[in-house]
Amino acid sequence: MVNCIKTGMPLQNKMFEFERVHGAEDSQEAVFQEVQPLLTSLMDGYNVCIMAYGQTGSGKTHTMMGSQLPEEHSGTQQEAQQGIIPKAAAELFRLISEKPAESLTVEVSVMEVYNNEVLDLLARDAQGNSGDQRRDVITTACGTSQVTSLTHETVRNASEVMQIISGVLKLRAHCPTLVHTDSSRSHLVVTLTISSKSPNALALARRLQSAKKDMQRSARKEWWSPRCRRANPAAHHASDDHLFASTPSSPGRSPCQSPCPSPRPSISQAPFRTKLQLVDLAGSECVGMSGVSGAALWEVSCINRSLSALSDVLGALAEQRPHVPYRNSKLTHLLQDAIGGDAKLLVMLCVSPTQRFITESLQSLGFGSRARQVQKELPRRKNHTVKVK
């Protein structure tokens, strides 16, 4: 409930309904408990996106990254202040450790969308220094979005993930405003890509290829086994001299035509690729509230337009329109796989409790209400088993 107090006007209460509302007293662990079940879907083959939306200074970066305590605090207290990104990385590797039979790899990429341009924060220049190189977003033939020439770093644990992210956060665009002295002026997108491949898939594929060649060689021979003779009574009474001959009562069959085909090796857990996208959106506020001018004014304009495009996409999904305008912004085009199709999206709304920012808070809550209207079919567990008949 939002109390709207205006001079000379009666008190108005506006109601908004969400799945969960966390107060300022709730811990980071309590917030992450709402997120944790969603990460299991990654192992089932679904893309997952978690984003924080709200005005500058409302707590988005605190929610996603956490807060750094002084070094004299214990490790337990530091972990308690970790946000969704470090906790999600730790949970992801915990889930991976429970699947020792599979060959799993995790890659991390870090991008920012600044002034409607996608910048690769992990890219290196000719001298090996970190740089923000521009990248293009394309739509592949199968309808998925892809960032061209994006840099990926292979990681083995959550600590390596956070070392990489911490090393490039200083490259993110910041600018002081009247609302926040260190306001982020870009959308930060951290992507963890999980690739799964059965270790025996290649060997099984070779066996299948060899078996196929053997089948082609014996295509003109009679397919026989005691089990198949029982399935064909006429052949059972035939003499042994006619066992391999093609007769009307015992027609010649190729292996693929046999009523009792031999067992074929099957490939289970075929390779799949899923993405966990963790997004710390730039702050949304009115230009007059931020008090910026010049180049910073253009930054605010680009931020608001990209957030408006994100709202339009969610609105199109909520209304089930035949066309969803993903390409109206680099942000929505980049996140197409994470917010469309059968992907799972969680929006964390961050609002200020003060009357000074009542307009921005109502705008954020309106965005959340639109996102909540998006209804998708209940996802079924994806079966990656491929059986060769």
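The rules behind these values
- Residues numbered from 1 in each chain as written.
- Predicted model: local features only at pLDDT ≥ 70, side-chain atom pairs only at ≥ 80, totals over all residues.
- Heavy atoms only, no water.
- Helix = DSSP H or I, 4+ residues; strand = E, 2+ residues; numbered from the N terminus.
- Buried < 20%, exposed > 50% of the residue type's maximum accessible area, 1.4 Å probe, protein only.
- Phe/Tyr/Trp six-rings, centres within 6.5 Å; stacked < 30°, edge-to-face > 60°.
- Lys NZ or Arg CZ within 6 Å of the ring centre and 35° of its normal.
- Axes fitted to C-alpha atoms, helices over the stretch in contact; angles between N-to-C directions.
- Parallel < 35°, antiparallel > 145°, perpendicular 65-115°, else oblique.
- Left-handed = near helix turned anticlockwise from the far one by under 90°.
- Contact = heavy atoms within 4.5 Å.
- Salt bridge = Lys/Arg side-chain N within 4 Å of Asp/Glu carboxyl O.
- UniProt positions renumbered as here; feature names shortened; annotations may be inferred.
- Polar contact = N/O pair within 3.5 Å; in protein donor to acceptor, adjacent residues only side chain to side chain.
- pLDDT = per-residue confidence, 0-100.
- Expected span 1.5 Å × (residues − 1).
- Bend = angle between axes of the 7 residues up to and from the residue.
- Pairing = 2+ DSSP bridges.
- Core = buried A, V, L, I, M, F, W, Y, C linked by side-chain atoms within 4.5 Å.

J.: Kindly report on the overall build of the protein, identifying the contributing residues and their values.
T.: When helices and strands are tallied, the protein shows 13 helices and 14 strands. Here the protein, with 389 residues, has 43% of them falling under the buried criterion.

J.: Which residues make up the packing of aromatic side chains, and what values go with them?
T.: Between two aromatic rings, the relevant description is the distance of the centres plus the angle of the planes. Throughout the structure, instances matching the rule amount to one aromatic pair. Ring plane angle 5° and centroid distance 3.9 Å describe the contact between Tyr53 and Phe367, whose orientation is recorded as stacked. Here Tyr53 is found in strand E3 (residues 48-54), whereas its partner Phe367 is found in helix H13 (residues 358-372), with 314 residues between them in sequence. Judged by relative accessible area, Phe367 falls into the buried class, the value being 3%. Just above the ring of Tyr46 sits the side chain of Lys344; from NZ or CZ to the centre is 5.2 Å.

J.: Describe the packing of helix H4 (residues 84-97) against helix H5 (residues 158-168), naming the residues involved and giving the relevant values.
T.: Where H4 contacts H5, the axes come no closer than 8 Å and their chain directions differ by 150°. Viewed along their axes, H4 and H5 adopt a mutual orientation that is roughly antiparallel. Here the hand of the crossing between H4 and H5 comes out right-handed. Between H4, through Ile85, Pro86, Ala89, Ala90 and Phe93, and H5, the contact on the second element is made entirely by Ala158, Val161, Met162 and Ile165.

J.: Report on the pattern of salt bridges, specifying residues and quantitative values.
T.: Oppositely charged side chains may form a pair once their charged atoms are brought near each other. With the rule as written, the count across this model stands at 13 salt bridges. Note that Arg172 is salt-bridged to Asp280, the shortest N-O span being 3.0 Å. On the criterion of sequence distance, the pair formed by Arg172 in the loop between H5 and strand E10 (174-175) and Asp280 in strand E13 (residues 272-280) is long-range, its members being 108 residues apart. Arg172 gets classed as buried once you look at its relative accessible area, which sits at 6%.

J.: Quick rundown of the UniProt feature "binding site: ATP" (unreviewed entry) in the protein? Include the residues and the values.
T.: Here the UniProt-annotated "binding site: ATP" (unreviewed entry) positions come out as Gly54, Gln55, Thr56, Gly57, Ser58, Gly59, Lys60 and Thr61. Note that Ser58 resides in the loop between E3 and helix H2 (60-64). Apart from the residues lying within four places of it in its own chain, the contact partners of Ser58 are Cys350, Val351 and Ser352. Polar side-chain contacts of Ser58 include one of 2.7 Å to the backbone oxygen of Gln55. Residue placement: Gly59 occurs in the loop between E3 and H2. On the basis of relative accessible area, Gly59 is assigned to the partly exposed category, the value being 23%.

J.: Before we move on, could you go through the environment of Gly45 and cite the residues and values that matter?
T.: For Gly45, the position within the fold is in the loop between helix H1 (28-43) and E3. Note on Gly45: relative accessible area 11%, which makes it buried. Spatially, the C-alpha atom of Gly45 lies 6.8 Å from that of Phe272, the residues being 227 residues apart in sequence.

J.: Which residues make up the confidence of the model for the protein, and what values go with them?
T.: Put simply, the protein has an average pLDDT of 77, and 67% of its residues get 70 or more. Across residues 385-389, confidence stays below pLDDT 50; counting only partners more than four residues off in sequence or on other chains, it has 10 contacts.

J.: Any details on H1? Residues and values, ideally.
T.: Given 3.6 residues per helical turn, the α-helix brings residues three or four places apart onto the same face. Counted at 1.5 Å a residue, the expected span for H1 with its 16 residues is 22 Å, and the 24 Å between its end C-alpha atoms agrees. Its maximal kink placed at Glu34, H1 deviates by approximately 35°, while the proline Pro37 follows within four residues. Those residues of H1 lying buried are Gln28, Val31, Phe32, Val35, Leu38, Leu39, Ser41, Leu42 and Met43. In the segment just after H1, Gly45 is the residue with positive phi, at about 95°.

J.: Outline the pairing of E3, supporting the account with residue identities and numerical values.
T.: The element E3 is extensively covered by neighbouring structure, given that seven of its seven residues are classed as buried. Alternating residues of E3 divide into Val48, Ile50, Ala52 and Gly54 and Cys49, Met51 and Tyr53, and every residue in both groups is buried. Across five bridges, E3 lies against E13 in parallel orientation. The residue of E13 that forms the bridge with Ile50 is Leu278.

J.: Can you break down the nonpolar core residue by residue, with the values?
T.: In this structure, Ile50, Val110, Val161 and Leu276 are the most contacted members of the largest nonpolar core, which totals 40 residues. When contributions to this core are tallied by element, the ones reaching two or more residues are H1, E3, H4, strand E4 (103-114), H5, strand E12 (187-197) and E13. Looking at which element gives the most residues to this core, the answer is H4, with eight residues. Cys49, Val189, Leu334 and Leu335 belong to the second largest nonpolar core, which has 30 residues in total.

J.: Got a sec to walk through the side chain of Ser195? Specific residues and values, please.
T.: On the secondary structure map, Ser195 appears in strand E12. Polar side-chain contacts of Ser195 include one of 3.0 Å to the side chain of Arg273.

J.: Please provide a residue-by-residue account of unusual backbone geometry, values included.
T.: At Asn115, a position not held by glycine, the phi torsion is positive, near 55°. With respect to the secondary-structure elements, Asn115 resides in the loop between E4 and strand E5 (117-120). By relative accessible area, which is 22% here, Asn115 ends up partly exposed. In this model, Asn116 sits at a positive phi of 60°, which is unusual for a non-glycine residue.

J.: So what's going on with the environment of Arg134? Which residues, and what values?
T.: Topologically, Arg134 is positioned in strand E6 (residues 133-135). The exposure class of Arg134 is exposed, given its relative accessible area of 60%. A C-alpha to C-alpha distance of 9.5 Å links Arg134 and Leu150, two positions 16 residues apart in sequence. Arg134 has contacts with Glu117, Val118 and Leu119, leaving out every residue within four places of it along the chain.

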